[in-house]
Protein chains: 2
Amino acid sequence: MTTTKQSLTVKEQAMKAQKASKLLAILSTEEKNEALRKVAARLETEYELILKANEVDLEEGRKKNFDDAFMDRLALSKDRVLEFAQGLRDVAELEDPNGIVKSQWTLDNGLDVQQVTVPLGVIGMIYEARPNVTVDATGLALKSGNAIVLKGGSSAIASNKAIVEVMRSALAETRISEDAIQFIDSTDREATQQLFTMKEHIDVLIPRGGESLINAVVDNATVPVLETGVGNCHIYIDKEADVEKALSILVNAKTDRPAVCNAAETVIVHQDWLQEHQEAFKNALAEHGIHAHADEYAQALIPGSDAATEEDWANEYLSRDIAVKTVSDVLEAIEHIEIYGTKHSEAIVTENQKNADTFMKLVDAAALYHNASTRFTDGGALGFGAEIGISTQKLHARGPMGLPALTTIKYMMTGTGQIR
Amino acid sequence: MTTTKQSLTVKEQAMKAQKASKLLAILSTEEKNEALRKVAARLETEYELILKANEVDLEEGRKKNFDDAFMDRLALSKDRVLEFAQGLRDVAELEDPNGIVKSQWTLDNGLDVQQVTVPLGVIGMIYEARPNVTVDATGLALKSGNAIVLKGGSSAIASNKAIVEVMRSALAETRISEDAIQFIDSTDREATQQLFTMKEHIDVLIPRGGESLINAVVDNATVPVLETGVGNCHIYIDKEADVEKALSILVNAKTDRPAVCNAAETVIVHQDWLQEHQEAFKNALAEHGIHAHADEYAQALIPGSDAATEEDWANEYLSRDIAVKTVSDVLEAIEHIEIYGTKHSEAIVTENQKNADTFMKLVDAAALYHNASTRFTDGGALGFGAEIGISTQKLHARGPMGLPALTTIKYMMTGTGQIR
């Protein structure tokens, strides 16, 4: 009985979102911006309500003995809620991605053809812990003229629910229907699964979270998916790499924020370079508390390193661990990336332009770097203003996705009776 | 045992295509064009071999009592094969969709960011009867730097196989590996299903054919899909429609080629207009052998029409049948399209600019027409040179898909040691 009731509810919510999306799609940029600012103001005035709900989640988390990093992601404060609100104000300032004429031409018969950007319709967002996604994703959805159905992780359900209630109540005073934000208030796995096949009412699913969440969506959804996130990123230090650049990029990519998807997980090092710069390399690791899982050649040169196993090459450590693979040329490095990479972000450090060109041409990934850290694969860092996720797939959007990723196009033809 | 053997084979073929795609992706435009011209020349000299194989398919078809239209699509002639070859020469003349810098900027820290178009990798093409798809899809794939795995319909298997053999033999004399064209030589349904989940080796699946084929791919594939084709297209004749335009657009959209996806299947007519132009309307239908399935209001005005049932509104007749729905305003027409349309091509005929704007803004479809026939939703008609299919989905590509739909982008970052 519960199942049937839940089934109706998720579908009904998706249908409400779809209905709301129709009017939302034709609102003016100023109407949408005004709504975003009202939602921001309401978050600012109602922050205590959100913090109170967050306390419920934190209490549950403590009971379940979640680790510190997890609790840290879950915890809100007045300042964090104010940051959410500022994020919405920032999104209001961004260019409206809709109504842009991507191309325009006239056929010989006089038919005018325009390709114009329009919203996707309804976005289904399936995500884990962090409550900030609830606000960020909603802001980007509304700004791009889309309704959103949110399905957050169970550990943050009280916080997410409170945030959504505040945002919806603010929409009541705007031209956007509050139904444009739908929150699936359930910790039931089945509720998520229902979203997977709701093609009639949801235009795209965006999963954000760990590998198992993403795979569950990709493997089971008939709704088109924008696949995000998993990054087994490599830094390749070529024979002719500048030592200072190589080590600062390596340390930055590994330690700046080890838990994010654009962090490096394996360093591939040219054997000759490692021989020559052995001291500097091992000191850099030691100084920054980076623990190496090295192949035989590298292990002999790095005291205290573990022997790498097959699993290490594929592992996204998300910690200060790193796999160290040695190679004898750039092609061997590329081959390793081809086998173990996740097509997210890959870097080469070298002063040899030819090797850099080979790497940039042959490696198949969303973002390739020559002499820079993989950490720049991020909508904020690249100047997009905000991002809905980082796509590791090839269709529709690849790499950091800003507002344009939430649009599609319409062909608009204007004639005077043309027939074929 | 057969299953196991087949399983290995399809996977091996996909892996061979993937390997071939790596070199193909970095060939110059001229190298790819030269290869296309060599394939064209070989089709021209080897046409007899292809016709002989086609005779086998035709013989099978006659045994199975396929209808005339089907046999017509299956049948090849010297002229048709020469047309295929000319098609490849035409594709060689098109602009290379790869290596285009879509945008470029420099961060404050000096990091240069470029978004560059690159091939998708390996395209899986799953299609029905017509052998021309074998040549057209291959030409577009190779030109856009992609390898292709072809799975054609069983009724054309001998023809398709012969065409592929000729094309592959021509590639042996070019810089493109013949492995870039893979043909799944099996009538086994399982062989097709294996392609659905081969994410590691196939970057996109493109189904072309009837609704059941397309749904089977969309529902079961974990490989991303470019959904094509089903078109339940409407012509809405508004109260202020010009009679001549309305009837010529209606007749063209219904009868020019009734079996294609951009043909009209329902005409929605404003009741006042139908009252006023009843004679002209029914004469146009009668003159062009169009049989109406009409709602109650329209049936009374169109002698000889059938009563429309619920099925008629959703039906893609692909014949000279048409459903006739009457409405009292443009919003009612839009609502009908929202329920029964397939987001392909929708037209309004009116001299009322406001109603036209409402229609163009509110109807959610790949192509919208004001005072023109839906028949223009076609890569050739729009001047794309060639098309791989017509997308009815919103992600990646919408509407007719030319060469750019077969590319993705790479972010290429060039730095001097930038870290975050």
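None of the values given here were measured: they were computed from a predicted structure.

A.B. asks: Lay out the overall build of chain A with the relevant residues and their values.
C.D. replies: Helices and strands together make up the secondary structure of chain A, namely 16 helices and 16 strands. Dimensions of chain A, computed from C-alpha atoms along their principal axes, come out at roughly 70 × 70 × 40 Å. When each of the 420 residues of chain A is scored for burial, the buried share is 58%. Pairs at least 24 residues apart make up 72% of the contacts formed inside chain A by residues separated by at least 6 positions. Total accessible area on chain A stands at roughly 16600 Å², and carbon and sulfur atoms take up 48% of it. For chain A, the centre of its 42 positive side-chain charges and the centre of its 64 negative side-chain charges are spaced 8 Å apart.

A.B. asks: Outline the relation of the copies chain A and chain B, listing residues and values.
C.D. replies: Superposing chain A onto chain B requires a rotation of 180 degrees together with a translation of 0.0 Å along the rotation axis, leaving an RMSD of 0.0 Å. Each copy turns onto its partner about a two-fold axis. Minimal C-alpha separation from the rotation axis in chain A is found for A:His396, amounting to 1.7 Å. Mapped onto chain B, 99% of the interface residues of chain A again fall at the interface, so both copies present the same surface.

A.B. asks: Give me the UniProt feature "coiled-coil region" (unreviewed entry) in chain A: which residues, what numbers.
C.D. replies: UniProt annotation of "coiled-coil region" (unreviewed entry) refers to residues 26-53 of chain A when read in the numbering used here. In residues 26-53 of chain A, the share of helix is 86% and the share of strand is 0%. The end C-alpha atoms are 35 Å apart.

A.B. asks: Describe the packing of helix H2 (residues 29-45) of chain A against helix H6 (residues 132-143) of chain A, listing the residues and the values that go with them.
C.D. replies: All names here are of chain A. Interaxial distance between H2 and H6 falls to 9 Å at its minimum, and their mutual angle equals 160 degrees. Comparing the axis directions of H2 and H6 gives the class roughly antiparallel. Here H2 and H6 pass one another in a crossing that is right-handed. Contacts between H2 and H6 involve Thr29, Lys32, Asn33, Leu36 and Leu43 on the former and, on the latter, Val135, Gly139, Leu142 and Lys143. When its residues are assigned to classes, the contact of H2 with H6 shows four nonpolar, three polar and two charged.

A.B. asks: Give me the UniProt feature "domain: Aldehyde dehydrogenase" (unreviewed entry) in chain A: which residues, what numbers.
C.D. replies: Per the UniProt annotation, the sites labelled "domain: Aldehyde dehydrogenase" (unreviewed entry) are residues 9-295 of chain A. Taken as a whole, residues 9-295 of chain A contains 51% helix and 17% strand, while its terminal C-alpha atoms sit 53 Å from one another.

A.B. asks: Outline the pattern of salt bridges, supporting the account with residue identities and numerical values.
C.D. replies: Oppositely charged side chains are able to pair whenever their charged atoms sit close together. Per the stated rule, a full pass over the model turns up 48 salt bridges over all chains. Between A:Glu227 and B:Lys199 there is a salt bridge, with its nearest N and O atoms 3.1 Å apart. Of this pair, A:Glu227 sits in the loop between helix H9 (211-220) and strand S7 (233-237) while B:Lys199 sits in the loop between helix H8 (189-196) and strand S6 (204-208), placing the two residues on different chains. Owing to a relative accessible area of 30%, B:Lys199 belongs among the partly exposed residues under this scheme. Look at the salt bridges and you will find they share partners, linking A:Asp203, B:Lys343, B:Asp364, B:Lys394 and B:Arg398 into a network.

A.B. asks: A description of the domain arrangement of chain A should follow, citing residues and the corresponding values.
C.D. replies: Residues and elements named next belong to chain A. The domain boundaries assigned to chain A delineate domain 1 (2-226 + 394-414) and domain 2 (233-380). The distance between the C-alpha centroids of domain 1 and domain 2 comes to 35 Å. At the junction of the two partners, domain 1 supplies five residues and domain 2 supplies eight residues. Summing both partners gives a buried area of about 480 Å² for domain 1 against domain 2, and 49% of it is carried by carbon and sulfur. When the buried surface of domain 1 facing domain 2 is broken down by residue, Lys394, Arg398 and Pro400 rank first, second and third, together holding 71% of it. If you look at where domain 1 meets domain 2, you find two salt bridges. Close ionic contact of Asp364 with Arg398 constitutes a salt bridge, the shortest N to O distance being 2.8 Å. Where domain 1 touches domain 2, the interface holds two residue pairs in polar contact (both at pLDDT 80 or more). Class assignment of the residues belonging to the side of domain 1 that touches domain 2 gives a composition of one nonpolar, one polar and three charged.

A.B. asks: Any chance you could break down the packing of aromatic side chains for me, citing the residues and the numbers?
C.D. replies: Residue and element names in this part refer to chain B. Applying the stated criterion across every chain yields a total of 10 aromatic pairs over all chains. Aromatic pair Trp273 and Phe281: ring centres 6.3 Å apart, planes at 85 degrees, arrangement edge-to-face. With a relative accessible area of 0%, Trp273 lands in the buried category. Assessed through its relative accessible area of 1%, Phe281 is described here as buried. For Lys325, the ring lying beneath its charged end belongs to Trp313, and the centroid distance is 5.9 Å.

A.B. asks: Can you tell me about the pairing of strand S8 (residues 264-270) of chain A, naming the residues and giving the values?
C.D. replies: All names here are of chain A. When you tally the buried positions in S8, you get seven out of seven residues, the bulk of the element. In this sheet, S8 lies alongside S7 in parallel orientation, the contact comprising five bridges. Of the residues in S8, the one forming a bridge with Ile237 is Val269. Remark: the S7/helix H10 (residues 243-255)/S8 crossover connection has right-handed handedness. Two strands pair when backbone bridges link them, and S8 and strand S11 (residues 321-327) are joined in this way by five bridges, in the parallel orientation. In the strand pairing of S11, Val267 is matched with Val324.

A.B. asks: Break down the sheet that holds strand S3 (residues 122-127) of chain B for me, with residues and values.
C.D. replies: Residue and element names in this part refer to chain B. Pairing within the open sheet is parallel, and its four strands lie in the order S5-S4-S3-S6. The sheet terminates laterally at strand S5 (181-183) and S6, the two strands that pair on one side only. Neighbour to neighbour, the strand axes of the sheet diverge by 20 degrees on average, direction disregarded. Across the sheet, helix H9 (residues 211-220) lies against S3 and S6, angled at about 160 degrees from S6, the strand it touches most.

A.B. asks: I'd like to hear about the environment of B:Gln194, residue by residue, with values.
C.D. replies: In this fold, B:Gln194 is placed in helix H8. A C-alpha to C-alpha distance of 9.2 Å links B:Gln194 and B:Ala221, two positions 27 residues apart in sequence.

A.B. asks: So what's going on with the confidence of the model for chain A? Residues and values would help.
C.D. replies: Note: predicted coordinates in regions of low pLDDT should not be interpreted at a detailed level. Of all residues in chain A, 98% have pLDDT values of 70 or greater, and the mean over the chain is 94. Low pLDDT (under 50) marks residues 1-7 of chain A, which in the prediction has six contacts with non-local residues, meaning those over four places away or in another chain.

A.B. asks: Break down the nonpolar core for me, citing the residues and quoting the values.
C.D. replies: Grouped together as the largest cluster of nonpolar side chains are 76 residues, with contacts concentrated most on B:Leu43, B:Met125 and B:Leu205. With nine residues, helix H7 (residues 157-171) of chain B is the largest single contributor of residues to this core. Ignoring any residue separated from it by four or fewer positions in sequence, one finds B:Leu205 in contact with B:Gly124, B:Ile126, B:Leu195, B:Phe196, B:Val217, B:Ala221, B:Val223, B:Pro224, B:Val225 and B:Leu226. Counting 75 residues, the second-largest nonpolar core is a separate cluster that includes A:Leu36, A:Ala141, A:Leu171 and A:Ala180.

Rules used throughout
Numbers given to residues run from 1 along each chain, matching the order in which its sequence is written. Think of it this way: whatever chain is written first is A, whatever ligand is written first is 1, and the rest follow in order. Only residues with pLDDT of at least 70 get local features here, since the model is predicted, and only at 80 or more are side-chain atom pairs given and counted; chain-wide, interface and lining totals rely on the full set of residues. Side-chain numbers come from the whole structure's heavy atoms, not from hydrogens or water. Helix and strand assignments come from DSSP, with helices taken as H or I runs of at least 4 residues and strands as E runs of at least 2, each series counted from the N terminus. A simple rule labels every residue: compare its accessible area, found with a 1.4 Å probe on the protein chains alone, to the largest value its type can have, and call it buried under 20%, exposed over 50%, or partly exposed in between. Pairs of residues are marked as contacts when any of their non-hydrogen atoms sit within 4.5 Å. In short, Shrake-Rupley with a 1.4 Å probe defines the accessible areas, and a residue's cover is counted only from the protein chains shown. Positive charges come from Lys and Arg, negative ones from Asp and Glu, while His and the chain ends are left out of the count. Think of each charge as sitting on NZ of Lys, CZ of Arg, CG of Asp or CD of Glu. Superposition of the copies was done by least squares, using only C-alpha atoms of residues whose pLDDT is at least 70 in both. UniProt positions are given in the numbering used here, feature names are shortened, and annotations may be inferred rather than shown by experiment. To obtain each axis, a line is fitted to C-alpha atoms, and for helices this fit is confined to the stretch in contact; angles are then taken between N-to-C directions over 0 to 180 degrees. Comment on the angle field: the value is read as roughly parallel under 35 degrees, roughly antiparallel over 145, roughly perpendicular from 65 to 115, and oblique elsewhere. For any helix crossing, the convention is left-handed if the near helix is rotated counterclockwise from the far helix by under a right angle, and right-handed if that rotation is clockwise. Asp, Glu, Lys and Arg are counted as charged, while Ala, Val, Leu, Ile, Met, Phe, Trp, Tyr, Cys and Pro are counted as nonpolar; the rest, among them Gly, fall into the polar class. Within this document, salt bridges are pairs made up of a side-chain nitrogen of Lys or Arg and a carboxyl oxygen of Asp or Glu, the two lying within 4 Å of each other. Per the annotation, domain bounds derive from an automatic or database assignment of domains. When two parts are brought into contact, each loses some accessible area as probed by a 1.4 Å sphere; the total of that loss over both is the buried area. Nitrogen and oxygen atoms within 3.5 Å of one another constitute a polar contact, given that in protein one can donate a hydrogen and the other can accept it, and given that sequence-neighbouring residues count only through two side-chain atoms. Only rings of Phe, Tyr and Trp enter the pairing, Trp through its six-membered ring, and a pair is recorded when the two centres are within 6.5 Å. The plane angle decides the type: under 30 degrees is stacked, over 60 is edge-to-face, the rest tilted. Here, a charge over a ring means that NZ of Lys or CZ of Arg falls within 6 Å of the ring centre while also lying within 35 degrees of the ring normal. The rule for pairing is simple: two strands pair if DSSP sees at least two bridges between them. For a crossover, the right-handed case is the one in which the path from the first strand over the helix to the second runs clockwise, viewed with the strands pointing away from the viewer. Per residue, pLDDT captures the predictor's confidence, and it can take any value from 0 to 100. As used here, the term nonpolar core means buried Ala, Val, Leu, Ile, Met, Phe, Trp, Tyr and Cys residues forming a set that is joined through side-chain atoms within 4.5 Å.

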